[in-house]
Amino acid sequence: MATGTEPPATEPLPQRGGVRARTRAAISAPHLRTDRWWLAPAATAAGLLAFIVYSTWRAFADAHYYAAPYVSPFYSPCLAERCEPMRGGPNWEIFGGWWGISPAIIILIFPLGFRLTCYYYRKAYYRGFWASPPACAVAEPHQKYSGETRFPLILQNLHRYFFYAALLVAGILTYDTVLAFRDEHYEWGHMGLGTLVFLLNIVLIWAYTLSCHSCRHIVGGKLKHFSKHPVRYRMWQWVGKLNARHMQLAWASLVSVALADFYVYLVASGAFDDPRLF
């Protein structure tokens, strides 16, 4: 019995494979969207690409990342002997003197791994760079889709472990923010414009980290009765409110960490003097 979904015999069959297989509705148009659906993935790709270019430059620059009392979040903690000495700062010479390239490469692995495996960032770069799919109701160009069951995408399952590492990094950046209440002579009780930049950054870093889906599951997952766990229930509700703003927090923290690094670069390179508020 004809259902009206089969293509007429005079028209070519839809492309085989992927979302245009014979089992799908026979629509000759690639999609039925008439809005500028491409604008969102294009803007996402441009934003992520800009951060990738900037962070790559700063990570390999190996210079202008410390101006007392500020240290770039890209270089903290510093885990090699070749790091600039930071009085009271996170100088942990775990790697000794054999590490010959920028020390930022060591530490950036952890926040980068956390963001790359983040559920929102997966959506962002899947759509922005891989067109998988490029937008809602727009067919992706790939013939096959294996999900995250094969290498390298199966590594996305490491997200929870990167979350633990991100907690440690956020803690270290909090320590750096506390140190930002010193002046260039390491005297306490001072605040500069950089201190405010660091405060903004650490608030957004913690908000983004705690809004993570893994954090929400760790706090309230596998509970059969919330009434028997009131503390975890309250925490789960709080994390859930943050989770609803996960996308906005992801972008805001991405901008803030780049801004904090760029501010340190300007001060350390002598292009800008840190204004003292008190």
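What you see is a predicted model; the values in this text were computed from it and never measured.

**As for the overall build of the protein chain**
Then step 1. For the protein chain, the helix and strand inventory stands at 8 helices and 2 strands.
Then step 2. Ordered by position from the N terminus, the helices and strands of the protein chain form the series α-β-β-α-α-α-α-α-α-α.
Then step 3. Against the 2.2 N^0.38 benchmark of 19 Å for 278 residues, the protein chain shows a C-alpha radius of gyration of 24 Å, more extended than a compact globule.
Then step 4. Each principal axis of the C-alpha atoms in the protein chain carries an extent, and together these give about 85 × 50 × 40 Å.
Then step 5. Classification of the 278 residues of the protein chain by burial places 40% in the buried group.
Then step 6. The averaged location of the 16 negative side-chain charges in the protein chain is 18 Å from the averaged location of its 26 positive side-chain charges.

**A word on the state of the cysteines**
Then step 1. One pass over the structure, following the stated rule, counts 1 disulfide.
Then step 2. Between C78 and C83 runs a disulfide, and the two sulfur atoms are separated by 2.0 Å. Note on the C78 and C83 pair: the S-S dihedral is about -90 degrees, so by sign convention the disulfide is left-handed. Just as C78 is buried, C83 falls in that class too.

**Some remarks on the packing of aromatic side chains**
Then step 1. Applying the stated rule across the entire model yields 25 aromatic pairs.
Then step 2. Taking 6.4 Å as the distance between ring centres and 90 degrees as the angle between the ring planes, the aromatic pair formed by F51 and F74 counts as edge-to-face. Linking F51 in helix α1 (residues 39-61) with F74 in the loop between β2 (70-71) and α2 (104-116), this pair joins segments that are 23 residues apart in sequence. Comparing F51 with F74, the two get one shared label, buried.
Then step 3. Ring-pair connections join several aromatic residues into one group, and the members of that group are F114, Y120, Y121, Y161, F163, Y164 and Y208.
Then step 4. One residue, R58, lies across the ring of W57, its end atom 5.7 Å from the ring centre.
Then step 5. Across from the ring centre of Y119, 4.5 Å away, lies the NZ or CZ of R122, which sits over that ring.

**Examining the side chain of H246**
Then step 1. Assignment of secondary structure puts H246 in helix α8 (residues 246-268).
Then step 2. Given a relative accessible area of 4%, H246 falls into the buried group.
Then step 3. A polar atom in the side chain of H246 sits 2.6 Å from the side chain of S211.
Then step 4. Filtering out sequence-adjacent residues up to four positions away, H246 remains in contact with C118, Y120, Y208, S211, C212 and H213.

**Description of the UniProt feature "transmembrane region" (unreviewed entry) in the protein chain**
Then step 1. Mapped onto this numbering, the UniProt entry annotates "transmembrane region" (unreviewed entry) at residues 37-57, 94-114, 161-182, 188-208 and 249-268.
Then step 2. Each end of residues 37-57 is marked by a C-alpha atom, and these two atoms are 32 Å apart; helix forms 90% of the span and strand 0%.
Then step 3. Along residues 188-208 one finds 76% helix and 0% strand; the C-alpha atoms at either end are 29 Å apart.

**Thoughts on unusual backbone geometry**
Outside of glycine, negative phi angles account for most residues, and trans bonds account for most peptide bonds.
Then step 1. P77 follows S76 through a cis peptide bond whose omega is 0 degrees.
Then step 2. For P77, the position within the fold is in the loop between β2 and α2.
Then step 3. Cis geometry marks the peptide bond from F151 to P152, where omega comes out at 5 degrees.
Then step 4. Here P152 is to be found in the loop between α3 (119-129) and α4 (159-179).
Then step 5. With phi around 65 degrees, A137 is a residue other than glycine that occupies positive phi space.
Then step 6. A relative accessible area of 65% means that A137 is categorised as exposed.
Then step 7. One non-glycine residue, K222, adopts positive backbone phi at about 60 degrees.
Then step 8. The topology assignment puts K222 in the loop between α6 (213-220) and α7 (230-243).

Scoring rules and cut-offs
Residues numbered from 1 in each chain as written. Predicted model: local features only at pLDDT ≥ 70, side-chain atom pairs only at ≥ 80, totals over all residues. Heavy atoms only, no water. Helix = DSSP H or I, 4+ residues; strand = E, 2+ residues; numbered from the N terminus. Rg over C-alpha atoms; globule rule 2.2 N^0.38 Å. Buried < 20%, exposed > 50% of the residue type's maximum accessible area, 1.4 Å probe, protein only. Lys, Arg positive; Asp, Glu negative; His and termini not counted. Charge placed at Lys NZ, Arg CZ, Asp CG, Glu CD. Disulfide = S-S within 2.5 Å. Phe/Tyr/Trp six-rings, centres within 6.5 Å; stacked < 30°, edge-to-face > 60°. Lys NZ or Arg CZ within 6 Å of the ring centre and 35° of its normal. Polar contact = N/O pair within 3.5 Å; in protein donor to acceptor, adjacent residues only side chain to side chain. Contact = heavy atoms within 4.5 Å. UniProt positions renumbered as here; feature names shortened; annotations may be inferred.

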